[in-house]
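# A look at the structure
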Amino acid sequence: MRDIERKFKEFWESPDSPFDLFLICSVFFLLLFGICVMYSSSSITAWRDFQDSEYFLKKQVAWAVVGLVVFLFFANFPYQRLERFALAGMVISVILLVLVFIPGIGRSVGTYYGRNFHRWIGIGPYQLQPSEIAKLAVVVYLSSLIVKLKLKENRDPKKFILPAVLLLAVLVLILAEPAFGTTMEILFVVIAFVFLFGFPIRNLLLVGLVSLPLAYVLVSQVGYRRKRMEVWLDPYRFRYDEGHQLVTSFRAFLDGGWFGNKLASGYAHRYLTYSHTDFVLATYVEDFGFIGFLFFFFLVLTLLTRTYVLLKRVQDPFGFYLGAGLLFILGTQFIINSYVVTGLLPITGISLPFMSYGGSSLLVVLASFGILVNITRRENIGL
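Let me sum up the structure you'll find in this document. In this text the structure is predicted, and so the values were computed from the model without any measurement. (Residues numbered from 1 in each chain as written. Predicted model: local features only at pLDDT ≥ 70, side-chain atom pairs only at ≥ 80, totals over all residues. Heavy atoms only, no water.)

### Some details on the packing of aromatic side chains
What counts here: The criterion for an aromatic pair is that two Phe, Tyr or Trp rings (for Trp, the six-membered ring) have centres within 6.5 Å, with stacked assigned to planes under 30 degrees apart, edge-to-face to planes over 60 apart and tilted to the rest. Under the scheme used here, helices are H or I runs from DSSP no shorter than 4 residues and strands are E runs no shorter than 2 residues, and both carry numbers assigned from the N terminus. We call a residue buried when its accessible area falls under 20% of the maximum for its residue type, exposed when it is over 50%, and partly exposed in between, using a 1.4 Å probe and counting protein chains only. Any Lys NZ or Arg CZ that is within 6 Å of a ring centre and within 35 degrees of that ring's normal is treated as a charge sitting over the ring.
In total, this model carries 21 aromatic pairs according to the counting rule given. Both rings, one in Trp258 and one in Phe290, keep their centres 5.4 Å apart while their planes meet at 85°; by these two values the pair is edge-to-face. Of the two residues, Trp258 sits in the loop between helix 10 (244–256) and helix 11 (267–271) while Phe290 sits in helix 12 (residues 280–311), which places them 32 residues apart along the sequence. A relative accessible area of 55% places Trp258 in the exposed class. On the basis of relative accessibility, which here comes to 35%, the residue Phe290 falls in the partly exposed class. An aromatic cluster of at least three residues, connected via ring pairs, comprises Phe29, Phe33, Tyr284, Phe288, Phe295, Phe296 and Phe334. The positively charged end of Arg251 is found above the aromatic ring belonging to Tyr267, 3.9 Å away from the centroid.

Right, dumping it as structure tokens:
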């Protein structure tokens with residue numbers, strides 16, 4: 001048994017490769033797996049809307065090819081140089097977030113309750129979502145900031161003004177799109193960095209309690225958010241309008257049973273809104289059942305655990321904080337999307353990494369894992 005274990009370890013930790021092969025193979029497998037799942041989830045919608053069942057597949061594959069180039073670039077680009085561009089990345093993110101509100105450049109989507117969502121910038125036939133890029137920029141910037149603060153004994157409060165203004169600008173612009181889920185995702189990352197910096201947990205809890213009234217106002221005083229809370233608390237009451245999405249997701253989990261159904265043949269594939277984007281997990285379970293859900297959960301948990309184990313051994317402070325921030329934001333994205341689809345959280349627009357249709361999200365996910373692969377090179381973890 002020990003010989004088998006030793007050979008397995010030698011295979012995945014080959015001295016000929018500076019990278020962790022297990023991590024790379026996991027990313028590639030999830031990418032291919034996610035594209036297949038997205039195709040099944042989108043084929044009926046694509047045929048109904050574009051008379052081409054492979055419409056979304058073709059676009060996602062194109063984004064995946066670009067994403068692989070981005071992944072390879074960041075896997076080999078010295079990640080330490082990202083620290084130099086941290087401030088520039090935040091400024092660019094703010095500019096891009098402003099552009100989504102400019103007519104002719106930004107792309108908006110209207111809703112049935114009369115509100116427009118401004119989240120994209122048009123680039124020919126494709127669209128770029130700046131809020132996804134902003135998440136990566138925030139992680140790089142906070143990693144750089146926390147390293148600088150750790151090195152300085154005298155911390156002038158005035159030096160916190162610019163970071164606070166930039167973070168606030170990003171959060172306000174994303175909230176104005178509106179993208180409440182992404183805003184909360186970035187807030188969670190900020191809290192995680194504050195915790196990593198050594199801020200007492202008791203004080204963090206106090207800040208959280210003080211922020212509750214603000215969170216209440218942001219939800220209760222905005223019509224569509226208040227409606228989402230009502231739908232979340234009693235989806236079957238609104239099953240023929242706003243609650244249809246969540247109720248259909250519940251049905252997909254029920255119809256999937258243990259082993260699923262014939263691919264792309266279920267009720268959710270035909271009638272679930274955003275079945276290939278935010279709610280792709282529901283149609284996946286309808287196809288592959290609870291066993292398929294456990295398999296996907298195992299894949300994600302294995303990938304995140306492997307990354308965590310490697311990051312614990314990273315010796316460079318900037319690399320450690322950058323990797324920890326990326327791991328946290330990716331893990332948060334998996335959790336929030338899963339909780340939304342299963343009704344444990346109110347509906348919010350958070351995509352499922354690797355599976356959800358969307359070029360911007362896929363590019364940022366692959367860029368993030370490219371950086372993680374780079375940070376966890378053998379020379380960086382003391383091997």
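Back to the text.
### What to know about helix 12
Let me state the cut-off plainly: To estimate how far a helix should extend, the number of its residues minus one is multiplied by 1.5 Å. To get the bend at a given residue, fit one axis to the seven residues ending there, fit another to the seven starting there, and take the angle between those axes.
Between its first and last C-alpha atoms helix 12 spans 30 Å; for 32 residues at 1.5 Å apiece the expected length is 46 Å, and the helix comes up short by more than 12%. At Gly289, helix 12 shows its largest bend, some 115°.

### What to know about the environment of Leu72
Relative to the helices and strands, Leu72 resides in helix 3 (residues 55–76). Among the residues examined, Leu72 registers a relative accessible area of 49% and is labelled partly exposed. When the C-alpha positions of Leu72 and Leu366 are compared, they lie 9.0 Å apart, and in sequence the two are 294 residues distant.

### Describing the nonpolar core
A general trend in soluble globular proteins is that nonpolar side chains are found buried together. Where we set the bar: To qualify as a nonpolar core, a set must consist of buried Ala, Val, Leu, Ile, Met, Phe, Trp, Tyr and Cys residues joined through side-chain atoms within 4.5 Å. The contact definition used throughout considers only heavy atoms, calling two residues in contact when any of these lie within 4.5 Å.
Counting 92 residues, the largest nonpolar core has Leu82, Val170, Phe296, Leu322, Phe354 and Phe369 as the members making the most contacts within it. Looking at this core element by element, the count peaks at 13 residues for helix 12. Setting aside anything within four residues of it in sequence, one finds Leu322 in contact with Tyr79, Leu82, Val139, Val140, Ser143, Ile371 and Ile375.

### Some details on helix 14 (residues 359–375)
Given a rise of 1.5 Å per residue, 17 residues ought to cover 24 Å, and the 24 Å separating the end C-alpha atoms of helix 14 matches this to within 8%. Most of helix 14 sits out of view: 17 of its 17 residues are buried.

### Details of the pattern of salt bridges
Should their charged atoms come close, side chains of opposite charge can pair. This is how it is decided: Any Lys or Arg side-chain nitrogen located within 4 Å of an Asp or Glu carboxyl oxygen qualifies as a salt bridge.
On inspection of all chains with the given rule, the structure shows five salt bridges. Lys135 is the partner of Glu185 in a salt bridge, and the nearest nitrogen-oxygen pair spans 3.4 Å. Of this pair, Glu185 sits in helix 7 (residues 180–197) while Lys135 is found in helix 5 (residues 130–151), placing the two residues 50 residues apart along the sequence. Like Lys135, Glu185 is buried. A salt bridge links Asp255 to Arg251; its shortest N-O distance comes to 3.2 Å. In this pair, Asp255 and Arg251 are both assigned in helix 10, four residues apart and thus about one turn of the helix distant. Given a relative accessible area of 40%, Arg251 falls into the partly exposed group. In the salt-bridge network here, residues are joined through shared partners; they are Glu132, Lys135 and Glu185.

### A word on the side chain of Thr283
Which entries qualify depends on this criterion: Side-chain atoms alone can form a polar contact between residues adjacent in sequence; in general such a contact is a pair of N or O atoms within 3.5 Å, and within protein one must be able to donate a hydrogen while the other accepts it.
Tracing the backbone through its elements, the reader meets Thr283 in helix 12. By relative accessible area, which is 0% here, Thr283 ends up buried. At a separation of 2.9 Å, a polar atom in the side chain of Thr283 contacts the main-chain carbonyl oxygen of Val280. With near-sequence residues (within four places) excluded, Thr283 lies in contact with Ser41, Ala268, His269, Leu272 and Ser275.

### A look at the environment of Thr348
Mapping Thr348 onto the fold places it in the loop between helix 13 (317–341) and helix 14. Look at Thr348 and you get buried, because its relative accessible area is 14%. Once the C-alpha coordinates of Thr348 and Asp278 are considered, the two residues, 70 residues apart in sequence, prove to be 8.4 Å apart. Once you skip the residues sitting within four places of it in the chain, Thr348 turns out to touch Phe180, Gly181, Arg228, Asp278, Ile336 and Val340.

### Considering unusual backbone geometry
The backbone of Gln51 sits at a positive phi, close to 55°, despite the residue not being glycine. Residue classification places Gln51 among the exposed residues on the basis of a relative accessible area of 53%. The backbone of Ala264 sits at a positive phi, close to 55°, despite the residue not being glycine. Considering the arrangement of structural elements, one finds Ala264 in the loop between helix 10 and helix 11.

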